[in-house]
Amino acid sequence: MTEERKKVWLSISGTVKDEDEKDSLEFLTEGDLYKEANRSCVTYNESEVSGMEGTITTVCVDAQKVSVIRLGTTNSIMEFERGKRNLTWYSTPYGDVTMGILTKDVFVNYNEDEEPTKVSIDYNIEIEGVTNSQNILNIKITQ
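Computed from a prediction, not measured in an experiment: that's the story for all the values here.

Scanning the chain from terminus to terminus reveals zero helices and 10 strands. Since a compact globule built from 143 residues should have a radius of gyration of about 15 Å, the 15 Å found for the chain is in line with a globular shape. Here the C-alpha coordinates of the chain stretch approximately 45 × 30 × 25 Å along the principal axes. Burial analysis of the chain (143 residues in total) assigns 40% to the buried set.

This is how it looks when you write it as structure tokens:
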């Protein structure tokens with residue numbers, strides 16, 4: 001059985017706050033929504049707005065966690081589970097970095113077809129064990 005893909009619009013906003021400043025980013029892009037192995041995934045192409053042009057991002061949502069997989073000019077797999085700390089690697093054109101992700105909260109809203117319509121993640125990023133930034137990621141998915 002082939003996976004059925006639906007075209008969707010994604011409104012993605014994020015906030016990154018460190019000791020010195022707070023940056024916000026918001027953009028609208030087209031993506032594909034599909035289901036695989038008891039989870040819903042949405043995939044889209046990053047743009048120069050996000051600073052990751054040439055990267056394909058896939059966000060997968062299941063009952064326990066949200067995974068953000070990036071492949072291309074930036075490569076990473078970030079997993080968000082409420083109350084858990086996960087270690088990951090982040091590969092950039094400038095080299096690889098090991099990061100800790102401490103997820104404070106994850107919220108997913110679903111429609112009647114059990115497809116995600118909103119994903120919100122509140123998390124901290126640690127580099128070498130030190131909290132580097134507080135982050136909030138919001139993704140709204142509309143058809």
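So, on to the packing of aromatic side chains. Applying the stated rule across the entire model yields two aromatic pairs. Positioned above the aromatic ring of Tyr34, the side-chain terminus of Arg5 is 4.1 Å from the ring centre.

Our focus in this paragraph is the pattern of salt bridges. Scanning all chains against the criterion turns up 10 salt bridges. As a salt-bridge pair, Asp32 and Arg5 come within 3.6 Å of each other at their nearest N and O atoms. Pair noted here: Asp32 is in strand E2 (residues 22-36) and Arg5 is in the segment before strand E1 (6-17), with a separation of 27 residues, a long-range link. The exposure class of Arg5 is partly exposed, given its relative accessible area of 40%. Linked through salt bridges whose partners overlap, the residues forming this network are Arg5, Lys7 and Asp32.

Position of Thr103 relative to the elements: it lies in strand E8 (residues 95-110). Once residues lying within four places of it in the same chain are set aside, the contact partners of Thr103 are Glu79, Phe80, Glu81, Arg82, Gly83, Lys84, Ile121, Asp122 and Tyr123.

Attention shifts here to unusual backbone geometry. Positive phi is not limited to glycine here, since Ala37 has a value of about 45°. Looking at the element boundaries, Ala37 is found in the loop between E2 and strand E3 (39-45). We note that Asn38 has phi near 60°; this positive angle belongs to a residue other than glycine. Among the residues examined, Asn38 registers a relative accessible area of 80% and is labelled exposed.

Ranked by size, the top nonpolar core spans 26 residues in total, and within it Leu10, Val66, Phe80, Ile121, Tyr123 and Ile139 carry the most contacts. Every residue in contact with Val66, bar those within four places of it in the chain, is listed here: Val59, Cys60, Val61, Met78, Glu79, Phe80, Val106, Val108, Val119 and Ile121.

Cut-off values and rules
- Residues numbered from 1 in each chain as written.
- Predicted model: local features only at pLDDT ≥ 70, side-chain atom pairs only at ≥ 80, totals over all residues.
- Heavy atoms only, no water.
- Helix = DSSP H or I, 4+ residues; strand = E, 2+ residues; numbered from the N terminus.
- Rg over C-alpha atoms; globule rule 2.2 N^0.38 Å.
- Buried < 20%, exposed > 50% of the residue type's maximum accessible area, 1.4 Å probe, protein only.
- Phe/Tyr/Trp six-rings, centres within 6.5 Å; stacked < 30°, edge-to-face > 60°.
- Lys NZ or Arg CZ within 6 Å of the ring centre and 35° of its normal.
- Salt bridge = Lys/Arg side-chain N within 4 Å of Asp/Glu carboxyl O.
- Contact = heavy atoms within 4.5 Å.
- Core = buried A, V, L, I, M, F, W, Y, C linked by side-chain atoms within 4.5 Å.

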